[in-house]
Amino acid sequence: MEVIFCVQGAISPLLANIYLHPIDRLMAAKGSRMVRYADDFVILTSGAKEAHRALKDVERLLRGRGLAFNHDKTRIVAPGEDVTFLGYSIRASRAEGFGIRPAVAAAALQQRVGNAVLG
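Residues numbered from 1 in each chain as written. Predicted model: local features only at pLDDT ≥ 70, side-chain atom pairs only at ≥ 80, totals over all residues. Heavy atoms only, no water.

S.K.: Before we move on, can you summarise the overall build of the protein with the specific residues and values?
M.R.: Each helix and strand counted, the protein has 3 helices and 5 strands in total. In sequence order, the secondary structure elements of the protein are arranged as α-β-β-α-β-β-β-α. Across the 119 residues in the protein, those meeting the buried criterion constitute 15%. Taking all contacts inside the protein whose residues are at least 6 apart in sequence as the whole, residues at least 24 apart take part in 27%. Here the protein has roughly 9200 Å² of accessible surface; of this, 57% comes from carbon and sulfur atoms. (Helix = DSSP H or I, 4+ residues; strand = E, 2+ residues; numbered from the N terminus. Buried < 20%, exposed > 50% of the residue type's maximum accessible area, 1.4 Å probe, protein only. Contact = heavy atoms within 4.5 Å. Areas by Shrake-Rupley, 256 points an atom, 1.4 Å probe, with all protein chains shown as cover.)

Have a look at this one:
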């Protein structure tokens, strides 16, 4: 199968959810927690070994469905490192707890929006 045209718009997240639901089931079966919105997801594992295994499992599943895995947007992070997901920077560690903040500072975002609107 070859993707000739990639659907975008209101239907796109729905199609991604239907098409990628097996990833949700696979990660649950393997005991990993996963957060996914459409085709963006974060997989939480108990360690580096499990993270690398989850990465290989997802890549294999995607390849089997005729989809390409984007290595440029994928990384494995240690606890305490920031993860950017859906515009938010998330950090979790046993020592520091859990924190979430917008990935782009509010002032910078306001400036970007203002510049775009005002020209």
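Now that the structure has been shown, we can carry on.
S.K.: Can you tell me about the pattern of salt bridges, naming the residues and giving the values?
M.R.: All told, the structure shown has 3 salt bridges when counted by the stated rule. Sharing partners across several salt bridges, the network here consists of Lys 30, Asp 57 and Arg 60. (Salt bridge = Lys/Arg side-chain N within 4 Å of Asp/Glu carboxyl O.)

S.K.: Pulling in residues and values, what's your account of the environment of Met 34?
M.R.: Its place among the elements puts Met 34 in strand 1 (residues 33–37). Between the C-alpha atoms of Met 34 and Ile 23, which are 11 residues apart in sequence, the distance is 9.1 Å. Residues contacting Met 34, with those up to four places away along its chain left out, are Ile 23, Asp 24, Met 27, Phe 41, Val 42 and Ile 43.

S.K.: Can you explain the environment of Ala 51? Please cite residues and give values.
M.R.: Along the chain, Ala 51 turns up in helix 2 (residues 48–64). A relative accessible area of 13% places Ala 51 in the buried class. For the pair Ala 51 and Ser 32, spaced 19 residues apart in sequence, the C-alpha to C-alpha distance is 8.9 Å.

S.K.: Any chance you could break down the packing of aromatic side chains for me, citing the residues and the numbers?
M.R.: Under the counting rule described, the total for this entry stands at 0 aromatic pairs. The residue whose ring lies beneath Arg 65 is Tyr 19, and the NZ or CZ to ring-centre distance is 4.3 Å. (Phe/Tyr/Trp six-rings, centres within 6.5 Å; stacked < 30°, edge-to-face > 60°. Lys NZ or Arg CZ within 6 Å of the ring centre and 35° of its normal.)

S.K.: So what about the nonpolar core? Which residues, and what values?
M.R.: One finds Leu 20, Ile 23, Met 27, Ala 54, Val 58, Leu 61, Leu 62 and Phe 69 forming the largest nonpolar core, which totals 8 residues. Those elements that provide at least two residues to this core are helix 1 (11–29) and helix 2. Per-element accounting of this core gives the leading share, 4 residues, to helix 2. Among residues more than four places away in sequence, those in contact with Ile 23 are Met 34, Phe 41, Val 58, Leu 61 and Leu 62. (Core = buried A, V, L, I, M, F, W, Y, C linked by side-chain atoms within 4.5 Å.)

These results come straight from atomic positions and should not be treated as a statement about function.
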